[in-house]
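# Commentary on secondary and tertiary structure
What follows is each chain in one-letter form.
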Amino acid sequence: MLFNSYSFLLAYLPVTLLGFFLLGRLGKGAGAAWLAACSLFFYAWWDYRYLALLLASICANYAAGSYIARRPGSPAGRRMLTVAVAVNLALLGYYKYADFFLSSANALLGTEWPILGIILPIGISFFTFTQIAFLADAYAGKVTEYRFIYYVLFVTYFPHLIAGPVLHHKEMMPQFDEDRNYRPEAANFAIGLTIFAIGLAKKVLIADSLADYAAPVFAPGADHPTLFAAWGGALAYTFQLYFDFSGYSDMAIGLSRLFGVRLPLNFNSPYKSRNITEFWRRWHMTLSRFLRDYLYIPLGGNRHGRFRRHLNLLATMVLGGLWHGAGWNFVIWGALHGGFLVVNHAWQDVCRRLPVRLPAGLGRALGVAVTFICVVFAWVYFRAPDLVTANTIIAGMFGQFGAALPEPIMSRLGPLKATFEQLGVGVSLGGGATFVETWAWVCVGALVAFLAPNTQEIMGRFEPALPEDGRHAQPVARRLAWQPRRRHALAVGLLFALGVLALSRPTEFLYFQF
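Just so you know, these numbers come straight off a predicted model, no measurement behind them.

## Notes on the overall build of the chain
- Along its length, the chain carries 21 helices and two strands.
- Over its C-alpha trace the chain gives a radius of gyration of 24 Å, about what one expects of a compact globule, namely 24 Å for 514 residues.
- On the principal axes, the C-alpha backbone points of the chain span a range of 75 × 60 × 60 Å.
- Across the 514 residues of the chain, 52% fall into the buried class.
- Within the chain, contacts between residues at least 6 apart in sequence are counted, and of these 72% link residues at least 24 apart.

## A closer look at the pattern of salt bridges
- Using the criterion set out here, one finds 16 salt bridges in the structure.
- Between Lys28 and Asp179 there is a salt bridge; the shortest N-O distance is 3.4 Å. Placement of Lys28 in helix 2 (residues 28–44) and of Asp179 in the loop between helix 8 (169–176) and helix 9 (186–218) is noted, with a sequence separation of 151 residues between them.
- Judged by its relative accessible area of 23%, Lys28 falls in the partly exposed class.

## A word on a nonpolar patch on the surface
- Taken together, Val444, Leu447, Val448 and Leu451 make up a surface patch of nonpolar side chains, about 350 Å² in accessible area.
- Overall, the relative accessible area of 51% leaves Leu447 in the exposed class.

## Observations regarding the environment of Thr389
- Within the secondary structure, Thr389 sits in helix 16 (residues 387–397).
- Taking the C-alpha atoms as reference, Thr389 lies 6.3 Å from Pro220; in sequence the two are 169 residues apart.
- The contact partners of Thr389, leaving out residues within four places of it in the chain, are Phe218, Ala219, Pro220 and Ala384.

## So, the packing of helix 4 (residues 75–109) against helix 5 (residues 124–139)
- As a packed pair, helix 4 and helix 5 sit with axes 10 Å apart at the nearest point and diverge in direction by 175 degrees. Taken as axis vectors, helix 4 and helix 5 run roughly antiparallel relative to one another. Listed contacts from helix 5 to Gly77, Arg78, Leu81, Ala84, Val85, Asn88, Leu89, Leu91, Leu92, Tyr95 and Lys96 of helix 4 are Ile124, Ser125, Thr128, Phe129, Ile132, Leu135, Ala136 and Tyr139.
- Grouping the amino acids of the contact of helix 4 with helix 5 by side-chain chemistry returns 13 nonpolar, four polar and two charged.

## Observations concerning the packing of aromatic side chains
- If you walk through the whole model with that rule in mind, you get 63 aromatic pairs.
- Relative to Phe148, the ring of Tyr62 has its centre 5.0 Å away and its plane inclined at 70 degrees; by these criteria the two rings are edge-to-face. Here the residue Tyr62 occupies a position in helix 3 (residues 51–69), and Phe148 occupies one in helix 6 (residues 148–156), the gap between them amounting to 86 residues.
- The exposure class of Tyr62 is buried, given its relative accessible area of 17%.
- Ring geometry for Phe279 against Trp280: centres 5.5 Å apart, planes inclined by 90 degrees, an arrangement best described as edge-to-face. Take Phe279 and Trp280: they sit in the same class, and that class is buried.
- For Arg71, the ring lying beneath its charged end belongs to Tyr67, and the centroid distance is 3.7 Å.
- The lysine or arginine in question, Lys96, covers the ring of Trp323, its NZ or CZ lying 5.0 Å from the ring centre.

Parameters and conventions
Residues numbered from 1 in each chain as written. Predicted model: local features only at pLDDT ≥ 70, side-chain atom pairs only at ≥ 80, totals over all residues. Heavy atoms only, no water. Helix = DSSP H or I, 4+ residues; strand = E, 2+ residues; numbered from the N terminus. Rg over C-alpha atoms; globule rule 2.2 N^0.38 Å. Buried < 20%, exposed > 50% of the residue type's maximum accessible area, 1.4 Å probe, protein only. Contact = heavy atoms within 4.5 Å. Salt bridge = Lys/Arg side-chain N within 4 Å of Asp/Glu carboxyl O. Patch = residues over 30% accessible without salt bridge, like charges linked within 9 Å, V, L, I, M, F, W, Y side chains within 5 Å. Areas by Shrake-Rupley, 256 points an atom, 1.4 Å probe, with all protein chains shown as cover. Axes fitted to C-alpha atoms, helices over the stretch in contact; angles between N-to-C directions. Parallel < 35°, antiparallel > 145°, perpendicular 65-115°, else oblique. Nonpolar A, V, L, I, M, F, W, Y, C, P; charged D, E, K, R; others polar. Phe/Tyr/Trp six-rings, centres within 6.5 Å; stacked < 30°, edge-to-face > 60°. Lys NZ or Arg CZ within 6 Å of the ring centre and 35° of its normal.

Printed below as a string of structure tokens:
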């Protein structure tokens, strides 16, 4: 079930909220049980046959986690942790990577092993990683809550179940046990609905509009794109993914706030990052945290010298890329980001020894520009359906297939037309309207992503999400900050209405496929 659908907004959400607060009067257990049951229904709406898989995973991990939590740090606890994590990864590997490994083996070895045609259960990566984190926390002695219904709710909580964030047990369990969260509060509804409306607008008004201009460039078998077409398609997808994931993250935080529960921040204006390290502190923040805490640090982190640090970074990012999808394009995407991180760390080491520094403003602008360009190139492999398509688009972005402007645009350049022709820019027939629309939407996306305050800054005075490393987002200037006033309510109501009117063609969130 999509957040951006009439069935969710007009039926599922009101019924879930009403039942939660009515049953919450009978006790926290009843309210939590209702919300867990509604979350399971939310998951089963996609395909009820996979509900058994989710429930089996929950029961097995709860039993293993309870066993480990009673023996933290012990050899018996470690053995159970090893077995439980191995089973989780085996399950994820079967559903997500079996066909990938079979097809890769067939291509490399010339074999003809049959492809299994396995359908990937939606959200399996998120509920698997969430439960692995729970097992690790149990072994570390950080788990103090054992009630089964709270654990079911922790795993299935519908705002995060399908596309994150990746949750930590210690963040959520105390909130499910708070009496006040089972009573409706006007402040929570005002804050939650405002954040949801902003996220809905990002998704249906911006991201879905950009999708129409990215898809043709990435279509398998599409014509070789010229310079402007390749960059237009790559940038359209770059901002489509940005507003799609940002929109989902806002909607998840807003929905959760209706129930009095704050989710961890998962998205914080990543395209404003000055380097690739900062980018990964701002993009899919809970996944970055998981990879750091449960993969990079256990591999050794930066504790064994510079070479091992770089090797650990590469390994972490390649595995992070593979987590996003079973395909060589995701491996390359992860390897590119691993390489970017290695180069960034090496460059910072060099900069510390340089006797001169660029002016702060210029250095920041160059850092943001270089980081953004690197991210755009890597997104091509992330989005492309295969390596051939990705390599073709990259070649187009480097001008291998020439550069051309539509004739209606070229004819209006006046004196600049001769200059463009001298630079080798040709003329293409047709497509003038599409060209203009593509770049207009790219500009809209760029202006909002780079210049506008993000949702956490707008709502910063009301602490909409759990603080990042103990620090809340800094609120923007008072004139740009949201306040519980009539004019702000009218503005949010208009934004929500525009979002609802655009629901005639609901589309899935891009991170649903992971």
